[in-house]
Amino acid sequence: MTDQPHRTHQAHEGFTPEQIDTSRPHPARMYDYYLGGSDNYEVDREAAERLMTMAPDVRVSARANRDFLGRAVRTVVGELGIRQIIDVGTGIPTSPNTHELARAAAPDTRVVYVDNDPIVSVHADAKLTGAGNAEFVLADARKPEAVIEHPAVRELIDFGRPVALLLVAVLHFVRDEEDPAGLVAALGGALPPGSCLVLTHGTPDFHEKQRLEEGTDVYRNATAQVSLRSHAEILSFFDGWDLVDPGLVQLPLWRPDGPVPEPGELRRVALYGGVGLKR
């Protein structure tokens, strides 16, 4: 019998059991588990526990990523005045999710979530019920035109006004041969000046190579594999965008709203993040 998630959601109409694969670990559900969420299956928990045994810092990084998301959304909505967000590769929208964060700063903010996995759609639909001005779109970020031209995206997002494009912990699941830089350029190219790119990405810069290889091996059996990249490689994704202060940095260093971790603790966070403003 397939293990059931901690929280029961109504199945998405039109999805067959074959489309919702619960036999292999899923990065979105593993991430939910790292954050202490309940939208995950036994196969996800087992894979996540194996990874945390080999690389205990993964949970620290996941929580730093979630904290960064909050600060970045508050910045683009509260400080830069953007009222439209496209959250690409959102994964399961563990609370506080993007539209909750945005609306705490500006209740009229519109949010479109995009992901390519049917099971994420099931969870997202359940969480977005009654949210208003929030929509989920089943589309693949590796096909940017399918995202930009999706009718639901076009209905909710006005491409004549600035948009915040979120690629948070997404591109390290896009292989080099899938052209992640081209993906960012295509998505960003559809947005007007004054738009923002919010991006985080896993990096090998702070951990031993052997431990990183052991950790990424866990994802080889998952529905998406991991490609970690250096600071310089990640920085290249911001070509055409002006980085807002403090630039591309380890996540806890980006506009912290509390004490900055000591150097030893900071090295545990294996992600960079930044916010770019379109020229």
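Definitions and limits used
Residues numbered from 1 in each chain as written. Predicted model: local features only at pLDDT ≥ 70, side-chain atom pairs only at ≥ 80, totals over all residues. Heavy atoms only, no water. Helix = DSSP H or I, 4+ residues; strand = E, 2+ residues; numbered from the N terminus. Buried < 20%, exposed > 50% of the residue type's maximum accessible area, 1.4 Å probe, protein only. Contact = heavy atoms within 4.5 Å. Areas by Shrake-Rupley, 256 points an atom, 1.4 Å probe, with all protein chains shown as cover. Axes fitted to C-alpha atoms, helices over the stretch in contact; angles between N-to-C directions. Parallel < 35°, antiparallel > 145°, perpendicular 65-115°, else oblique. Nonpolar A, V, L, I, M, F, W, Y, C, P; charged D, E, K, R; others polar. pLDDT = per-residue confidence, 0-100. Core = buried A, V, L, I, M, F, W, Y, C linked by side-chain atoms within 4.5 Å. Salt bridge = Lys/Arg side-chain N within 4 Å of Asp/Glu carboxyl O. Pairing = 2+ DSSP bridges. Left-handed = near helix turned anticlockwise from the far one by under 90°.

Engineer: Please explain the overall build of the protein chain as it appears in this structure.
Structural biologist: A tally of helices and strands in the protein chain yields 11 helices and eight strands. Per-residue burial for the protein chain yields a buried fraction of 54% across its 279 residues. The contacts in the protein chain between residues at least 6 apart in sequence include a share of 73% that link residues at least 24 apart. Here the protein chain displays about 12500 Å² of accessible surface, and carbon together with sulfur accounts for 49% of that area.

Engineer: Explanation requested: the side chain of D57 in the structure shown.
Structural biologist: Inspection of the secondary structure assignment puts D57 in helix 3 (residues 57-79). With residues near it in sequence (within four places) discarded, D57 still touches H207 and R268.

Engineer: How should the packing of helix 1 (residues 27-34) against helix 3 be read in this particular structure?
Structural biologist: How two helices sit against one another is set out by the angle between their axes and by the gap between those axes. Their axes nearest at 9 Å, the elements helix 1 and helix 3 cross at an angle of 90°. It follows from the interaxial angle that helix 1 and helix 3 lie roughly perpendicular. Contact with helix 1, carried on its side by Y31, Y33 and Y34, involves V58, R59, A62, R63, N65 and R66 of helix 3 and no other residues of that element. Tallied by class, residues from the contact of helix 1 with helix 3 come to five nonpolar, one polar and three charged.

Engineer: In this structure, what is going on with the confidence of the model for the protein chain? I would like to understand it.
Structural biologist: Detailed reading of the predicted coordinates is not advisable wherever pLDDT falls low. Residues of the protein chain with pLDDT of at least 70 account for 86%, and the chain-wide mean is 86. Note that residues 1-17 has pLDDT below 50 and, in this model, 30 contacts with residues that lie over four places away or in other chains.

Engineer: Sorry, what's going on with helix 5 (residues 118-128) here?
Structural biologist: Residues that lie three or four places apart on an α-helix share one face, since the helix turns once every 3.6 residues. Counting buried positions along helix 5 gives eight out of 11 residues, so the element sits mostly inside the fold. Among all positions in helix 5, only P118, I119, V120, S121, V122, H123, A124 and L128 are buried. On its buried side, helix 5 packs onto helix 1, helix 4 (98-105), strand 2 (110-115) and strand 3 (134-138).

Engineer: Teacher, can you tell me more about the nonpolar core here?
Structural biologist: In terms of nonpolar packing, the biggest core is built from 36 residues, with V73, I85, L166, V198 and V275 touching the most fellow members. At the level of elements, helix 3, helix 4, strand 2, helix 5, strand 3, strand 4 (164-168), strand 5 (196-202) and strand 8 (271-278) are the ones that each hand at least two residues to this core. Per-element accounting of this core gives the leading share, seven residues, to helix 3. The contact partners of V73, leaving out residues within four places of it in the chain, are G78, I85, T98, L101, A102 and L166. I86, L156, V163 and V174 belong to the second largest nonpolar core, which has 33 residues in total.

Engineer: Looking at this model, I keep getting lost on the pattern of salt bridges. Mind explaining?
Structural biologist: For the coordinates displayed, the defined rule picks out 14 salt bridges. Of the charged contacts, one joins E42 and R45 as a salt bridge, the two residues approaching to 3.2 Å between their closest N and O atoms. Separated by three residues within a single helix, E42 and R45 lie in helix 2 (residues 42-54), roughly one turn from each other. Measuring nitrogen to oxygen at the nearest pair gives 3.5 Å for the salt bridge that ties R83 to D108. Of this pair, R83 sits in the loop between helix 3 and strand 1 (84-88) while D108 sits in the loop between helix 4 and strand 2, and the two are 25 residues apart along the sequence. Using a relative accessible area of 24% as the deciding quantity, one classes R83 as partly exposed. Connected through salt bridges with shared partners, the residues D140, R142, R175, E177 and E178 form a single ionic network.

Engineer: What exactly am I supposed to notice about the pairing of strand 8 here?
Structural biologist: Two faces make up the sheet, and in a regular strand the side chains alternate between them. Counting buried residues along strand 8, seven of its eight residues qualify, which places the element largely inside the surrounding structure. The sheet contact formed by strand 6 (residues 241-243) and strand 8 spans three bridges and is antiparallel. Residue pairing across strands places L243 opposite G276, the latter belonging to strand 8. As paired elements, strand 7 (residues 249-250) and strand 8 share two bridges and run antiparallel to each other. Of the residues in strand 8, the one forming a bridge with V249 is G273.

Engineer: Whenever I open this one, the packing of helix 1 against helix 2 confuses me. Can you help?
Structural biologist: Relative to each other, helix 1 and helix 2 sit at 65°, their axes nearing to 9 Å. By the angle between their directions, the pair helix 1 and helix 2 is classed as roughly perpendicular. Crossing hand, helix 1 versus helix 2: right-handed. Together, R29, M30, Y33 and Y34 of helix 1 and V43, D44, R45, A47, A48, E49, L51 and M52 of helix 2 make up the contact between the two elements. When grouped by side-chain class, the residues that make up the contact of helix 1 with helix 2 number eight nonpolar, no polar and four charged.

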